[in-house]
Amino acid sequence: MICILENDELKIYRGEDYVISQKIIIHQPSLSEICDYGEREYYSMIYQLTATPQSMKVQLWDMGIDYTEITPFELFYGILYKLYSQEKTSILFGNLDFTKFQVMQRIDDKSIFLYQVIDNHPVTIDEFTYNKIMHYLRQVHAIRKDEKTPANKTTKMILIEDAREEYERQKSIEYHSQLKNMISAMVNCEGFKYNHSEVWNMKINAFIDSVKRITKIKNADLLLQSGYSGFGVNLKEISNKQLDWLGELE
């Protein structure tokens, strides 16, 4: 099925494809598709495509670019959109080839957009379309958008150096699958309704949601048991959000 509504949480949870325009349709992959693609490569691509200047402050600084002086869309059309071939992005965008887009500028308002012609049909990605695509990708994968702005130049340099240390530290850490640990935990959890064979057909958003929901349910149960035991936490000091396992997930 195809979703034509914008940012419909229920349709995202259901796993339907998201129609941005006639030629831009985003497919939400299953765990099986991500596994076949390669988890590390898949998430690397997702984080690169959805990156903001803040999340790439070190790389931009080393390129002579001040991350506080460009927008996420400028980063995208300046660097990111051409990093992955159609073969790499096909798990998300099918036959759409980002490397064939050309950077154009409108005459009237001087705004920048990406443009290509597919099957005699003009396809454009302006800032509005870009934001729709990125919002969907972040929502599907539970990625928070980094938009933190430093208060002054000193703070900016401190943040860059801190990010550089973290960047170098991450390069020295051996990669381990995150999905494997979550899948293992879920199929061995009494509150999860899918076995090892069935879980692979789950769409990524529904699976991440299950991990968070079961965690929320277990935390609420533990707090209630502790509070009602008479020897644990004081339930009056616990927020209703922590006890309401039907509430919104963070």
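Residues numbered from 1 in each chain as written. Predicted model: local features only at pLDDT ≥ 70, side-chain atom pairs only at ≥ 80, totals over all residues. Heavy atoms only, no water.

A.B. asks: Please clarify how the overall build of the protein chain should be interpreted in this entry.
C.D. replies: Counting its regular elements, the protein chain contains eleven helices and six strands. When each of the 250 residues of the protein chain is scored for burial, the buried share is 36%. Taking contacts inside the protein chain between residues at least 6 apart in sequence as the whole, the part at least 24 apart equals 59%. Total accessible area on the protein chain stands at roughly 15400 Å², and carbon and sulfur atoms take up 51% of it. (Helix = DSSP H or I, 4+ residues; strand = E, 2+ residues; numbered from the N terminus. Buried < 20%, exposed > 50% of the residue type's maximum accessible area, 1.4 Å probe, protein only. Contact = heavy atoms within 4.5 Å. Areas by Shrake-Rupley, 256 points an atom, 1.4 Å probe, with all protein chains shown as cover.)

A.B. asks: Can you help me understand the nonpolar core in this one?
C.D. replies: Generally speaking, a soluble globular protein has its nonpolar side chains buried in company with each other. By size, the foremost hydrophobic cluster in this structure holds 54 residues, and its most contacted members are Phe 76, Leu 92, Phe 93, Ile 133 and Phe 207. Residues within four places of Leu 92 in sequence aside, it is in contact with Ile 25, Ile 26, His 27, Pro 29, Tyr 42, Met 45, Ile 46, Leu 49 and Leu 137. (Core = buried A, V, L, I, M, F, W, Y, C linked by side-chain atoms within 4.5 Å.)

A.B. asks: I would appreciate a short explanation of the packing of aromatic side chains in the present structure.
C.D. replies: When we look at a pair of aromatic rings, we describe it by the centre distance and by the angle of the planes. According to the stated counting rule, one finds 14 aromatic pairs in the structure shown. Here Phe 73 and Tyr 77 contribute two aromatic rings whose centre-to-centre distance is 5.0 Å and whose plane-to-plane angle is 75°, an arrangement assigned as edge-to-face. Of this pair, Phe 73 and Tyr 77 both sit in helix H5 (residues 72-78), separated by four residues, roughly a single helical turn. The same class applies to Phe 73 and to Tyr 77, which are both buried. Seen in terms of ring centroids, Phe 93 and Phe 98 are 4.8 Å apart; in terms of plane orientation they differ by 75°. Their pairing is edge-to-face. (Phe/Tyr/Trp six-rings, centres within 6.5 Å; stacked < 30°, edge-to-face > 60°.)

A.B. asks: Quick question: what am I supposed to make of the layout of surface pockets here?
C.D. replies: In this structure, the largest pocket occupies an estimated 1500 Å³ of space. The wall of the largest pocket is formed by 36 residues, among which Tyr 43, Ser 44, Tyr 47, Tyr 167 and Gln 170 lie closest to the centre. Secondary structure elements with two or more residues in the lining of the largest pocket: helix H3 (39-49), helix H4 (57-62), helix H7 (127-141), helix H8 (153-171), helix H9 (178-187) and helix H10 (204-229). Tallying contributions element by element places H3 first for the lining of the largest pocket, with six residues. Among the residues making up the lining of the largest pocket, the classes are represented as 15 nonpolar, ten polar and eleven charged. (1 Å grid on protein atoms, 1.4 Å probe; cavity = no way out; pocket = protein on both sides within 12 Å on 5 of 7 lines; lining within 4 Å. Points joined across faces, edges and corners; volume = space filled by probe spheres on them. Nonpolar A, V, L, I, M, F, W, Y, C, P; charged D, E, K, R; others polar.)

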